[in-house]
Structures are given as structure tokens and as C-alpha cells.
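Architecture at a glance
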Amino acid sequence: MSELLLEVEDLGVSLPTSSGQLHAVDSLGFSLREGELLGIVGESGSGKTQTALALMGLTPAGSRVSGSARLDGEELIGRPEAELNDLRGDRIAMVFQDPQAALNPYLRIGVQLTEVLEQHRELDAVTAAKRATEMLQAVGLDDSERCMRSYPHQLSGGMRQRVTIAIALLCRPRLLIADEPTTALDVTVQAQILGLLRVLKGSHYGAGLLITHDLAVVAEICDRVLVMYGGKPMELAAVDRLFHNGHHPYTRALLRSLPRLDRPESGLVPIPGQPGRPTGAGCPFRPRCAERLEQCAAVVPPRLDIAPGHLSYCHRSGPN
Amino acid sequence: MSAAGNSVAVGATPAGSGWRAFFNQSRGVRVCSCLLLAIAVLVVFGPLLSPYAIDQVDWQHIAEGPSWSSGHWFGTDNNGRDLYVRTLRGGQISLLVGICATAISLLIGVSYGAIAGYAGGRIDQVMMRMVDVLYAMPFMFFVILLMVLFGRNLLLMFIAIGAINWLDMARIVRGQTLSLKHREFVDAARALGVPAADIIRRHIVPNMMNVVVVYASLAVPQMILVESFLSFLGLGVQEPMTSWGQLVSLGAREMESAPWMLLFPASFLAVTLYCLNVLGDALRRYNDALAGSLRGAA
Amino acid sequence: MLRLIRHRLLVAVPTLLVLVVLAFVLMRLAPGSPFSSERNLPPSVEENLNARYGLDDSLGEQLLRYLGNLARGDFGPSLYYSDHDVADLIREGFPTSLRLGLAAMILALGAGVTAGIAAARRPGGMLDHLLMGVAIAGISVPNFVVAPLLILVFAVWLGWLPASGAGPDASLTAAGMVLPVVALALPQFAYVARLTRASMLEVLDSSYILAARAKGLPERTILLRHGLRPALLPVVSYLGPATAAVITGSVVIEEIFGLPGLGRYFVQAALNRDYFLVLGVVVFYGLLVVIANLLVDLCYGLLDPRVQRQ
């Protein structure tokens, strides 16, 4: 049993909107072990990105973050900005969805890499450049010297995403958060980037959080999955178990909406309705749920331990 | 709490729409609206309260400071003329120029921009290239030339000042027209055989009124500024008429012996321009926010 | 980049041409003549003078001759200052105007960009409200109002600085330049500050700034290394209009502070119907604006790597 690298408990993020506070993330809990890759899956608006930003301490101005998140036993939530800044890019790093937008178009790639090392490792320019070049090679950019001198617009989409991964891994972070790292890329490049993330785990980073809306991505590289809906956790399980013994109605609906090569005759079943959040207490998925009960609208479903390491939040399997 | 400071909160988002929401934006907006209204009322009706006429010389009180007893509330100038009346009458001219010149620049800019945008293709290219060429000109010099060479005619001044500002308006309107001209209701009108001129007038122009109004509101203070600039150079309105710019110019010459001659017209001019700019800015923010919330709802 | 400059030059030539023709035609359509207004000359003398300066030829001929001379750098004679060439007068007055204008531009840019960044750091904060209030005031209050007020306060009442830019022997003094430069810079400072603030806020909201924050970089690095360059682009494109505005503004500022610059000639020359001097000044200023626009394009290329490649 390896030790816990990240422990998140009762995490909440609320954002200011014109019509009051929106609970983007609510009572979320999970943990991450050394060497593990956890997938967080959900539709847009399910709070996955806000979860990642909360861990980074980068939620928008005016937002409120509550609960607890401990990295190697150290609390992240509510830490002073200066201390967080020392952690960011060093012990926690993030890869963003769109590499085109995440790289500064006005700065050479080299600068965007070395500045991280100069900040956190206090290296001189020459050493930093050498380390940066090595890192570019490690993420599969063979012509790394030329790459260092390039501007982002001179690289392809896949190369750019390799660069952002290299930036994130420069200081060998304990925790790597990848927010939809392949969504903006071509399908063939997607597979390469996912392979890269898997290969570098352990040697270049401690554990990973992969945020995606795509169950196929999760199936490909993750160890465990957390399914989110409307800012709340729905189900948490090992990947195999979730795919074969998915418990939550939302998880099963998601799986039915995927194309299956092994059962082509079953067809695709889309989830009815639009993603959204009902007001009031209760389960956020209830308006679209085919199996909803009376209490779904009144009471938040409690956490259920289906099996060791398999949690679900649904009234269906409750005491009644 | 974990404020990363990476959000943009420019001005307040209006919680609703209409005048109430506009005025609720900030205290600055309310204060400036009241001030502007007060100045407008004073400028229009204020001269009636004073027994003096604009060109009346009071030989007993030449270049005297403000005094309640003499009835010269803002003092008199070095010709013994009442500064209160002159400041307010000057304001009439300045405000009139602001409004009329803006109207002229609107007329030119909106028709030019709408025609270029609606026609598209080569016509559009040529018309906009002409705007580019004109843009690079020191326009002010032409206005100065015009005023110097053709004498100080009020109508000519409106046109000359209005002609400076239509370029921005033309660009904005062209952009709006381009985005509107392939909307369904325009296509429908075209399919029904409505002539182009009528489509522009009835369907395109009315649909960009809010943007036009915003830019027009920001143009008014600029026009007043140009007029006062001309008057300052002695090229604006002619005696006995006056304007704020001209009064400032006269005041600047006497500021050591009679500072009130500078301070009264200068403060009226500055406060008016300040308020107009604040309100124009607020109107733009309000309009942006409104457009944003409409887009969000769609 | 080269294409951009070529395009700019292609626009510049017709611009200058239109400028000259328009000014020329305007001048000649206007009533009055250089010799009739103030000096009462007998008609025969006036005819002689007209013949001497070629003013009795047809308008078209005169225009063509003027354009031809211009192309050779000959701005023609001054009709009012009878023993001076226009080129001489420009050479005489321009250094003062240039010094004034450059100092004002540098002050406006430096202070405006700094104020804009400071305001953008905490949008809606105290400093933001204060600076933007000052900026709106700077835009609202014309510099011919500010200039006399500055003189009134700093020269007349406090006596800290001289009221006139020129010293006793008409030479410029550093202390004498302070007030004119400040008065000329103020509106441009205001525009630059507002532009910088708005574009900085937009930049700070972009994904690459969020990504830079995720690297744990200090606020200073984020603002100056990551934010400043893109935030400066709108400011750079404003430099063209700013040059034109400073030139226009210098007309009144030179008047108020009694500086022996080029701007002062302009109004006087137009009143005197000094055709060649007015035309010369207009053409010269037009050229300056065109050059400023070219420099803007070059700066743009330096700031934005994506322009360089094209």
C-alpha cells in the first residue's frame, strides 16, 4: 500500500454570477496515491475544471473555496498566495486544454521553459536552457534546439502540447493536473500525447489528475475514475470496475452513450435532456435520470461504499 | 479567498435594463447626469435671470471680481461686460456646436459606412481605402484653414467640425453593416425586392442604433473641444457672440489681474466635458454588458 | 513585415498628394490675397508681385509647378517674410517644436503606460478609480485650459517655474519647457493610460496568463514579461493619431508659452494668406504623420512575432 499523495475532502467552489453564488463544486472528496492516474469525467459545467483550478489556487477572483486538499499532508486550500506561488509550477503543475492559447504567442518557447527553472530552481540561464532542452527531448521533440528558439505559432498543435507538458514537468511535480489535454488535437496526435503522459508517470511526476469529458481517454490511461455531475461526485471506482460494474445511473447512461465494438448491435443511447443544474437540494442528475425516486429531489444522496474502493452517490441502492 | 486577480470586472453588470439600470451603474453616473442637467438648465434659462445683456458695457464695473451687490455674479471682463451672462450664453453656443456637429458627423458617417458595408466588394474596398487616406491627415489643420480662409460662419463651423469626426463613425457603421447584411430579416427583405436604399434605411440602420448612440455620445464632448480649440485660436464664433473656448482664451490673457475671467468659463467647459465623457463611457459599458447578457441568453 | 511597410507607403503617397492638392485648392478658393489684406499696395505693384511669384498663371499650372518643386525639396518662398524661404522658416522653427513634441510624447507614453498597468492590477480598486478619474479629466479638459491654469498656479502664484518657455534671448531653457511639455502631454497621457488599462485587463484575462500563473511566476514577471508586450499593441497603433494630436496641440501650446516653434507660424501664415508657408507647414506635418505611421508599423513588427514572418 503506497502512501497518499493527495487527499481532497469536502471541497467546494462557489463562483459569483449576476444571479448570486453558483456552487460550481460541492462536497467533493477523493484521494490519489503515489504513481496513480485518476480520471475526472463529466460533461461541461460539471465542475471538473474548477476542481483543478481550486487545487492550483487559481479560481477566478471573487470565488470562494472551502474544504480541504492536502498535498503530501500539506494543506493547499486557504494558503497565502505567496506560498501557493512557490508550489505552483514546482510541486503542482498543470497542462491546459488548448496549447495554442496556453502558450504566450509573444515569447520564444525557450523563455517560457527556462523562466520556470529560474523561478523555482534558481538556475542560471545556461543551465536552465540545457535542462529545458533535455526536457523537450524527453517529451519527444527531437529538434529541441530549434524548438527553443521558435515562437508558438511556428509549431504544430501536437508539438505545442508537448511543449506545455514539458513546461509542466520541468520541476518534476508531485502532482500533474491535465485539463482536457487532448481535446484540441487531432485524433492521431491525441493517442501520442496520452501515451506520453503514461510513459512519463513515475519518472517525471508523482501522480496525475486527468480531466476529460471523454470516457475513452480514461479507459486508455487512467487507473481510477471519478464521475462528476453538476459539481457533485457521482461515482468513484477503478477503471475496469466502473466500465463493467458501473453502479450510478449517470455512469451507466454515459457508458450506453459510447460506441461499443464488442456489442455493435446494442446501438447508442443518448442521455435525454440538457446538462444543467436544478435548484434546491437533492441529486443534480435527477431531471435526466430514468430511475429517479421521490427523495432524489429532497435529499442529497449519501455516499455508498459498493465495494472496497468503489463509491457511489445514489438513493437507488440505499436502505429502501 | 484565493483571488488570483485574473478576472475582468470593468464596471458593474447591469442587473436589468433600461434607464434605471443605467443610472444604477455607479454613483459617478448619477452625479454626472445631475451636474450635466443642471448646467444645461442654467445655460438655457440662466441668462434670463440677469439684468445684463451679453454685449452690455457696465462702465462702473470694469474688470471687477464676482460680487453679489453689483449683480455681476461671476464678475466682469476688462470691457465691463457681465461674465455670468457671457459664460452661459457662450455655453449655449458650445452645446449647440456639440450637438449639431455630432449630428452632421453622424449623417455623413452612417450613410458612408452603411453604403460601403452594404455594397461590399470593390466599392467597399475603394471607399474604405479613402477613409484610410483621410485618416492619416492632420485634419485639424484643414479646419483651421477653412475657418481662417472663409471667415467665421457658424454653419460652416458646424460642417467643418462635423466633418472631422465622421471617419470613426464610418468604420464602426461599416463593420456593423457587414455583420447585419446577411441576417435573415435582411435576406427576406431582399428576396421581396425591397430596394437597397430602403433596406439600409429601414432594416440596417435602425438595428445598429445602440452602437451609433454610444459613439455619438462620446463624440459630443470631442466636438465641443474642437470648437473651443478653434475659438481659442480666435477662429471660432464672432463677437458679440461668444463660446467657452473664446472666453477661456480672453481669460487666459488676463489671468494675472482677473483670474475669474479664466476660472468661470474654464470650469464650466471642463465640468461639462468631464461629465459628457463619463456618461459616454458608462453608456458604452452598459451597452457592452447588455450585448453580453443577450448573447449569453441566446 | 515588408509587405506591411510597402502597403503603408502605397497609402502614404496618395495621402500626401491629396493633402497638398486639397490645401492648395482651399487656399486659392478663399477670398483675399497675400498682398491685398494689410499693406495697401497700388494695383500695378500687386500685379508685379503676382507675376514675380507666378500667381498670375492658371491654378492648374501653379499646382503642377508647386508639386514639381516639392518633389525637388523646394517649398517655395514665404510671401510675408519676404526674404525667407519656407524651408528656412521650417528649419528655424522645427527644432523647438520637435523637442517639445518628443518630450511630451515620451512623458505621455511613460507615465500613461505605467498608470494603465497600475490601474489594471486591481480593477475597481482605489488606485484604479483615482487614475481613471484623472485620465477622464485629462481627456476632457483641453490643454489650452490646462496651460493657463498651470501658468497661473506654478508661475504666477507659486513662482516655481517660468511662465514662458523661451528665455530672455529667445533660447529654450529646461525649466521653461516643463510646463509646456506637461500641458501638451496631459491629454495623450490620458488616452494612453486608458488604452493600456483596457488592453492589459483583456490580456490578463487570457489563457496564457492563467498558464503563466500556473507556473508560479511572481506578479511582476506576469505583468511585465507576459502581459506588457501584447497589452502595448493597441498603444502602439495609437501612436500615429497621437503624433497628429501632439502636432495640433503644439499650435496652441507654442502660442500660450511663447515658444518660437513651427505651430505658431501656421495660424499667422493662414491669416496673412502666406500661401507657400501654409502649404509648406501642412505638407511638412503630413509627412511627419506619415513617418510616424511607418514607425508604428515597425514597432508592431518588433512587438508581435507573428507579423514578422509574413
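Heads up: the structure comes first, above all this text.
So, here's what we can say about the structure. (Residues numbered from 1 in each chain as written. Chains lettered and ligands numbered in written order. Predicted model: local features only at pLDDT ≥ 70, side-chain atom pairs only at ≥ 80, totals over all residues. Heavy atoms only, no water.)

1. Notes on the sheet that holds strand β3 (residues 37-41) of chain A
Residues and elements named next belong to chain A. The 8 strands lie next to each other as β6-β7-β8-β3-β9-β10-β12-β11, forming an open sheet whose pairing is mixed. Unpaired on one side and paired on the other, β6 (92-95) and β11 (303-307) mark the two borders of the sheet. Across this sheet, the average inter-strand angle for adjacent strands is 20°, counted without regard to direction. As judged from the 4 bridges shared by β6 and strand β7 (residues 175-179), these two strands associate in the parallel manner. From the neighbouring strand, M94 faces β7, where its bridge partner is I177. Sitting on the sheet, helix α7 (residues 157-169) is in contact with β6 and β7, with an inclination near 175° to β6. (Pairing = 2+ DSSP bridges. Helix = DSSP H or I, 4+ residues; strand = E, 2+ residues; numbered from the N terminus. Axes fitted to C-alpha atoms, helices over the stretch in contact; angles between N-to-C directions. Contact = heavy atoms within 4.5 Å.)

2. Comments concerning the interface of chain B and chain C
Taken residue by residue, the interface counts 43 residues in chain B and 50 residues in chain C. Where chain B abuts chain C, roughly 4,200 Å² becomes buried across the two surfaces, and 80% of that area is made up of carbon and sulfur atoms. Between the two partners, chain B and chain C, sit 1 salt bridge. In this structure, R194 of chain C engages D281 of chain B in a salt bridge whose closest nitrogen and oxygen atoms are separated by 2.8 Å. Counting across the interface, chain B meets chain C through 2 residue pairs in polar contact (both at pLDDT 80 or more). Here the side of chain B that touches chain C gets 11 residues from one element, more than from any other, and that element is helix α12 (residues 260-297) of chain B. Residue composition of the side of chain B that touches chain C, by class: 33 nonpolar, 6 polar and 4 charged. (Buried area = accessible area lost by both parts, 1.4 Å probe. Salt bridge = Lys/Arg side-chain N within 4 Å of Asp/Glu carboxyl O. Polar contact = N/O pair within 3.5 Å; in protein donor to acceptor, adjacent residues only side chain to side chain. Nonpolar A, V, L, I, M, F, W, Y, C, P; charged D, E, K, R; others polar.)

3. Focus on the side chain of T51 of chain A
Secondary-structure assignment places T51 of chain A in helix α1 (residues 48-56). For T51 of chain A, a relative accessible area of 0% gives the class buried. (Buried < 20%, exposed > 50% of the residue type's maximum accessible area, 1.4 Å probe, protein only.)

4. Quick word on helix α5 (residues 125-138) of chain A
Residue and element names in this part refer to chain A. Compared with the 20 Å implied by 1.5 Å per residue over 14 residues, the 20 Å span of α5 between its first and last C-alpha is a close match. Along α5, the positions that sit buried rather than exposed are A128, A132, T133, M135 and L136. Along α5, the residues classed as buried sweep out an arc of 160° about the axis, all on the same side. More than 90 degrees from the buried face of α5, the exposed residues found are V126 and K130. Those residues of α5 that are buried are in contact with α4 (109-120), α6 (144-149) and α7. (Expected span 1.5 Å × (residues − 1). Arc of directions from axis to C-beta.)

5. Overview of empty space enclosed by the protein
Tallied over the full model, the rule gives 6 cavities of 30 Å³ or more. Roughly 150 Å³ of internal volume is contained in the largest cavity. Around the largest cavity sit 18 residues that line it, and M94, F96 and I167 of chain A together with A211 and K215 of chain C are the ones nearest its centre. Elements that contribute at least two residues to the lining of the largest cavity include exactly β6 and α7 of chain A together with α8 (207-214) of chain C. Broken down by element, the residue count for the lining of the largest cavity peaks at 4 residues, all from α8 of chain C. Class assignment for the residues of the lining of the largest cavity results in 12 nonpolar, 5 polar and 1 charged. (1 Å grid on protein atoms, 1.4 Å probe; cavity = no way out; pocket = protein on both sides within 12 Å on 5 of 7 lines; lining within 4 Å. Points joined across faces, edges and corners; volume = space filled by probe spheres on them.)

6. Quick look at the nonpolar core
Ranked by internal contacts, the top residues of the largest apolar core, which has 172 residues, are I144, L145 and L230 of chain B together with F266 of chain C. Considering every element that reaches this core, the biggest residue donor is helix α9 (residues 219-257) of chain C, with 17 residues. If we skip the residues at most four places from it in the chain, F266 of chain C touches F141, I144 and L145 of chain B together with V278, V281 and V282 of chain C. Ranked by size, the runner-up nonpolar core spans 57 residues in total, among them A178, V189, Y250 and L254 of chain A. (Core = buried A, V, L, I, M, F, W, Y, C linked by side-chain atoms within 4.5 Å.)

7. Structural notes on the packing of aromatic side chains
Under the criterion given, the structure shown has 10 aromatic pairs over all chains. Ring geometry for Y112 of chain B versus W166 of chain B: centroids 4.9 Å apart, planes at 65°, classification edge-to-face. Here the residue Y112 of chain B occupies a position in helix α3 (residues 83-119), and W166 of chain B occupies one in helix α7 (residues 166-180), the gap between them amounting to 54 residues. Note on Y112 of chain B: relative accessible area 15%, which makes it buried. With a relative accessible area of 9%, W166 of chain B lands in the buried category. An aromatic cluster of three or more residues is present, and its members are Y229, Y250 and F285 of chain A. (Phe/Tyr/Trp six-rings, centres within 6.5 Å; stacked < 30°, edge-to-face > 60°.)

8. Examining the sheet that holds strand β2 (residues 20-33) of chain A
Residue and element names in this part refer to chain A. Sheet architecture is open: 4 strands sit in the order β2-β1-β4-β5, paired in antiparallel fashion. Each of the sheet's edge strands pairs with one partner strand only, and the pair in question is β2 and β5 (74-75). Two elements, strand β1 (residues 4-17) and strand β4 (residues 64-71), share 7 bridges in a ladder whose sense is antiparallel. When the sheet's bridge partners are listed, S14 is paired in β4 with R64. Packing against the sheet, α1 makes contact with β1, β2 and β4, and its axis sits at approximately 110° to β1.

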